[in-house]
Amino acid sequence: MRYDTQEHAAAVAHGHASFMGLDNRKMAFWAFIGSECLLFGSLISTYLVYKGRSLTGPFPHEILNIPFTSFSTFDLLMSSLAMVLALAAVQRGDMKQGKIWLFVTALLGLVFLGGQYWEFSHFVREGLGLTTNLFGSTFFVLTGTHGAHVTVGVIWLLTLWVQALRGKLGPANAMTVEITGLYWHFVDVVWIVIFTVVYLIQ
Amino acid sequence: MKSWLTTTDHKRIGLLYFWTAFGFFLIGGLEALIIRAQLIKPDGGLGVSAETFNQLFTMHGTTMVFLALMPLSAAFFNFIIPLQIGARDVAFPRLNAFSYWVFLLGGLFLNASFLAGPLFGADRLSVAPDAGWFGYANLTSRQFSPGPNVDFWLLGLQILGIASLAAGFNFIVTILNMRAPGMRMLRLPVFTWMTLVTQFLIITAFPVITVALVLLMFDRFFGTHFFVPQGGGDPILWQHLFWMFGHPEVYILILPAMGVISEVLPTFSRKPLFGYTVVVYSGVVIAFLGWSVWSHHMFSSGLGPIADSVFAGTTMLIAIPTGVKIFNWIGTLWGGQIRFTTSMLFALGFIAMFIIGGLSGVSHASAPADLQQTDTYYVVAHIHYVLFGGTILGLFAGMYYWWPKMTGRMLSETLGKLHFWLTIIGMNLAFFPMHFSGLLGMPRRIYTYSSELGVSRFNELSTIGAFIIGIATLVFFWNLLRTRWQPITAPNNPWGGSTLEWAIPSPPPVYNFTVIPTVASRMPLWRTERHAPMTPLPEQPPAPIHVPGGSWWPMITATGLPIMAIGAISRTLPIVFVGVAVLVVGIYRWAFEPFEM
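Owing to the predicted nature of the structure, the values given are computational and were not obtained by experimental measurement.

**Student:** I tried to follow the overall build of chain A on my own but got confused; where do I start?
**Tutor:** Across its full length, chain A carries seven helices and zero strands. Each helix and strand of chain A, placed in order from N terminus to C terminus, yields the pattern α-α-α-α-α-α-α. Principal axes of the C-alpha set define a box for chain A whose edges measure 70 × 40 × 20 Å. Scored against the burial criterion, the 202 residues of chain A give a buried share of 35%. For chain A, the proportion of contacts with a sequence separation of at least 24, taken over those separated by at least 6, is 81%.

Written out as structure tokens, the structure is:
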């Protein structure tokens, strides 16, 4: 058991310990994502348990607009691509590209949120509110929780973008951008599950 | 004062956790004594009203689970884990401070409900949570609980959940990533192992109750019908979500205590833990199985014979890894040089009492038997044998074991033994008769009973036992307090322990280890067949050690949460926004604060 002893001991002494060779923040973030899976899992289960048990309309098939939401989904998927490009740019120190792609990621996130705002207000006009029926309650709480996550992500990305504009974000902070990316991709994956469960399999 | 408010030192945070949780433990105990005084004779011994009684048992359960037992374990996680793995601090010191402040403020918010009555146009002692510690729907719906009682409960628990989750991520990373060189997973002390397993349970179970509480909040504040049958909702969904959290929670409460006694028994038997790997893997298996048994809390809700059979089966299975642990502890004692210190007595008490609680638990696992027992005092007996006889005795063992390390002062063994015997007599007198009163038909959560039920004598005994526990706790409190006036005299290793925390002074210096040790065996301080004991660490650090300074932002960020809750409960949107603003500003200042690890 001497494999990395000396080097590791030096790192420990300086407070940069990492027994598993993985950054502390990144490991914590993976644990956080695991925890979030249970959060969304519980919400999606609640949606499924109450599926088809609404006492009054509007019902899902009368109101869900698959083409429109497909566009939102595509938009969010593209934002994940932009996130990958942003991270790659920051890692190789190309901050010009990094700034562009961070901003594009945030912008695509905003477009998604705008779509969700339009969808929600459209549903309310059509007579589906939070308390109308079980479909309304489960739908708004599930997609609303996801939307809140996207909002946090957009604020986070814009914060990084502003830091980049002020010249305070460079390859040394690549781990921060990588963790932001982990969050962003996770939120994206959750949306794909929600899109499938709520919209595609009615 | 300032240095405590801004501290990020895991040892200070551990002590803060300890004293805060101990304070809540006394409050929860006081509630229990009022409950028992009321039940001492038929038709009520104290004249407590049904409404007050409901608040007392709800707050007793909620306080003991979330504000006493979990944070008392957390006190040891904080103080002991970094020492056992050979680290200078936890992975995220400021997040650790944040967890503590959120816990403190959440606990104060919950308990403020006792005094808040006048603010809602009601009397004192009338708006505390009153729907039981598992808050079954539809007792909690706005229709049947129009006051703020349940609002205090659901907001308070959401706040406390954030504290537990943050600590969960922190300790998972700490244990996996901050180990000293050579501290492989199967060299970790068992207490550290059980802490790790507990944290995984916390980060997977707490999101589920968070969702349940959020749905309940939507029902109560915004008029949805998640748990309201009139709107098509299903109250049973609440039970599923609650117990999906609630059963892992049971293991969140017991695994740390199992870890404690797995440290105490070898030390005072002067023998390595028998079957270390099996004990560790049993803990992991218990955690996995703990996720597959939740519906055994719901046999009486009519799940059908298949679900009942499956959950009865998984519940009986979980007795196997638990039994394995018990046999390993007994195997550790076998042939050892046993020293009956107070800590050891509590550890032995844990084994004996936990076996009784485990056996009554297995009897609930049988669905037909459970239908006779459910909602009676038999279940109350079971829960107190596992949580008092198990968790609390285990935590007391840990307190007597680690108090010298935490403070540098020895607890009195004489008072300790008095504490132990009073506790063990009191708890058996209080909880054993409950098996009988339950099987004779006494339901739980009733504020009076009729003399014709034939349970009067059993209740009298239970009440006497409860007051003996109360006296025992005061003896312990006195024992703690009197150490404050002692000089710091505890040696590095007063008990001859084998793990790393005993290699450093008591109390440890702020940097813990002068030199980070390199670990070559499971019991670094003991001579074993294959390993010599570790060479002692130098008394002074060879080079100056940088210790991160404190920070105000964890505490300030934490205050945002109760402010939001106060805004919600008083239906004042601007206050909610103030809370959000505090939270956001706090997070930004925290993120951009120069804080060197």
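**Student:** Is there a simple way to explain the overall build of chain B in this structure?
**Tutor:** Helix and strand counts for chain B stand at 17 helices and zero strands. Rg of the C-alpha trace for chain B: 24 Å, near the compact-globule value of 25 Å for 597 residues, within the 12% margin. Projected onto the principal axes, the alpha-carbon positions of chain B cover approximately 70 × 55 × 50 Å. Looking at chain B residue by residue over its 597 residues, the buried ones come to 57%. If you take every contact in chain B between residues at least 6 apart in sequence, the share linking residues at least 24 apart comes to 80%.

**Student:** Is there a simple way to explain the nonpolar core in this structure?
**Tutor:** Nonpolar side chains tend to gather and get buried jointly when the protein is soluble and globular. Residue and element names in this part refer to chain B. The biggest cluster of nonpolar side chains holds 234 residues, and the ones touching the most others in it are Ala 212, Ile 261 and Ala 397. Broken down by element, this core gets its largest block of residues, 21 residues, from helix H13 (residues 377-407). For this core, the domains that each give at least three residues are domain 1 (16-540) and domain 2 (559-597). Among all residues touching Ala 397, those that are not within four sequence positions of it are Val 260, Ile 261, Val 264, Ser 343, Phe 346, Ala 347 and Phe 350.

**Student:** What exactly am I supposed to notice about the environment of Met27(A) here?
**Tutor:** Mapped onto the secondary structure, Met27(A) falls in helix H2 (residues 24-49). Residue classification places Met27(A) among the partly exposed residues on the basis of 19 C-beta atoms within 10 Å. Taking the C-alpha atoms as reference points, Met27(A) and Thr56(A), separated by 29 residues in sequence, lie 46 Å from one another. Look past the residues within four positions of Met27(A) in its chain and what remains in contact with it is Met20(A), Leu22(A), Val173(B), Leu176(B) and Asn177(B).

**Student:** Can you help me understand H13(B) in this one?
**Tutor:** Residues and elements named next belong to chain B. Of all bends in H13, the biggest is about 45°, found at Tyr 401, and the proline Pro 404 comes one to four residues later. The buried count for H13 comes to 30 of 31 residues, which makes it a mostly enclosed element. At the exit of H13 stands Gly 408, carrying a positive phi of roughly 80°.

**Student:** Can you walk me through the environment of Phe226(B) in this structure?
**Tutor:** With respect to the helices and strands, Phe226(B) occurs in the loop between helix H6 (190-222) and helix H7 (235-269). Sequence separation between Phe226(B) and Leu5(B) is 221 residues; the distance between their C-alpha atoms is 41 Å. When neighbours within four sequence positions are excluded, Phe226(B) is seen to be in contact with Ser137(A), Leu215(B), Phe218(B), Asp219(B) and Gly233(B).

**Student:** Please clarify how the packing of helix H2 (residues 10-38) of chain B against helix H3 (residues 50-84) of chain B should be interpreted in this entry.
**Tutor:** Each pair of packed helices can be summarised by the angle the axes make with each other and by the distance between the axes. Residue and element names in this part refer to chain B. It is the contact of H2 with H3, at a shortest axis distance of 7 Å, that shows an interaxial angle of 155°. Judged by the inter-axis angle, H2 sits roughly antiparallel to H3. Once H2 is placed against H3, the crossing between them reads as left-handed. Here the residues of the contact of H2 with H3 sort into 23 nonpolar, eight polar and two charged.

**Student:** Is there a simple way to explain the interface of chain B and chain A in this structure?
**Tutor:** How big an interface is tends to be reported as the loss of accessible area on association of its parts. At the junction of the two partners, chain B supplies 39 residues and chain A supplies 34 residues. Residue assignment for the side of chain B that touches chain A shows that the elements contributing at least two residues are helix H5 (149-177), H6 and H7 of chain B. Among the elements that make up the side of chain B that touches chain A, the one with the highest residue count is H6(B) (nine residues). Grouping the constituent residues of the side of chain B that touches chain A by class yields 24 nonpolar, twelve polar and three charged.

**Student:** It is not clear to me how the confidence of the model for chain B should be interpreted in this structure. Could you clarify?
**Tutor:** One rule of thumb: low pLDDT means the predicted coordinates there are not for detailed reading. For chain B, mean pLDDT is 95; residues scoring 70 or higher make up 100% of the total. Scored as a complex, the prediction yields pTM 0.95 and ipTM 0.94.

**Student:** Sorry if this is basic, but what is going on with the domain arrangement of chain B here?
**Tutor:** All names here are of chain B. Taken as a whole, chain B is organised into domain 1 (16-540) and domain 2 (559-597). One C-alpha centre belongs to domain 1, the other to domain 2, and the line joining them spans 30 Å. Contact with domain 1, which involves ten residues of that partner, is made by eight residues of domain 2. For the side of domain 1 that touches domain 2, the secondary structure elements donating two or more residues are helix H4 (93-112) and H5. Of the residues forming the side of domain 1 that touches domain 2, the biggest block, five residues, is contributed by H5. Class assignment of the residues belonging to the side of domain 1 that touches domain 2 gives a composition of eight nonpolar, no polar and two charged.

**Student:** Whenever I open this one, unusual backbone geometry confuses me. Can you help?
**Tutor:** Negative phi is the rule for most residues except glycine; trans is the rule for most peptide bonds. All names here are of chain B. With omega at 0°, the peptide bond leading from Ala 137 into Asn 138 counts as cis. Tracing the backbone through its elements, the reader meets Asn 138 in the loop between H4 and H5. Pro 507 follows Ser 506 through a cis peptide bond whose omega is -10°. When you line up the elements, Pro 507 lands in the loop between helix H15 (456-482) and helix H16 (553-569). A positive phi is found at Leu 125, a non-glycine position, where the angle reads about 60°. On the secondary structure map, Leu 125 appears in the loop between H4 and H5. Even without glycine at this site, Arg 445 takes up a positive phi of about 65°. Of note, Arg 445 is situated in the loop between helix H14 (413-439) and H15.

Reading guide: rules and limits
Residues numbered from 1 in each chain as written. Chains lettered and ligands numbered in written order. Predicted model: local features only at pLDDT ≥ 70, side-chain atom pairs only at ≥ 80, totals over all residues. Helix = DSSP H or I, 4+ residues; strand = E, 2+ residues; numbered from the N terminus. Buried ≥ 20, exposed ≤ 12 C-beta atoms within 10 Å, placed from the backbone. Contact = placed C-beta atoms within 7 Å. Rg over C-alpha atoms; globule rule 2.2 N^0.38 Å. Core = buried A, V, L, I, M, F, W, Y, C linked by C-beta atoms within 7 Å. Domains from an automatic or database assignment. Bend = angle between axes of the 7 residues up to and from the residue. Axes fitted to C-alpha atoms, helices over the stretch in contact; angles between N-to-C directions. Parallel < 35°, antiparallel > 145°, perpendicular 65-115°, else oblique. Left-handed = near helix turned anticlockwise from the far one by under 90°. Nonpolar A, V, L, I, M, F, W, Y, C, P; charged D, E, K, R; others polar. pLDDT = per-residue confidence, 0-100.

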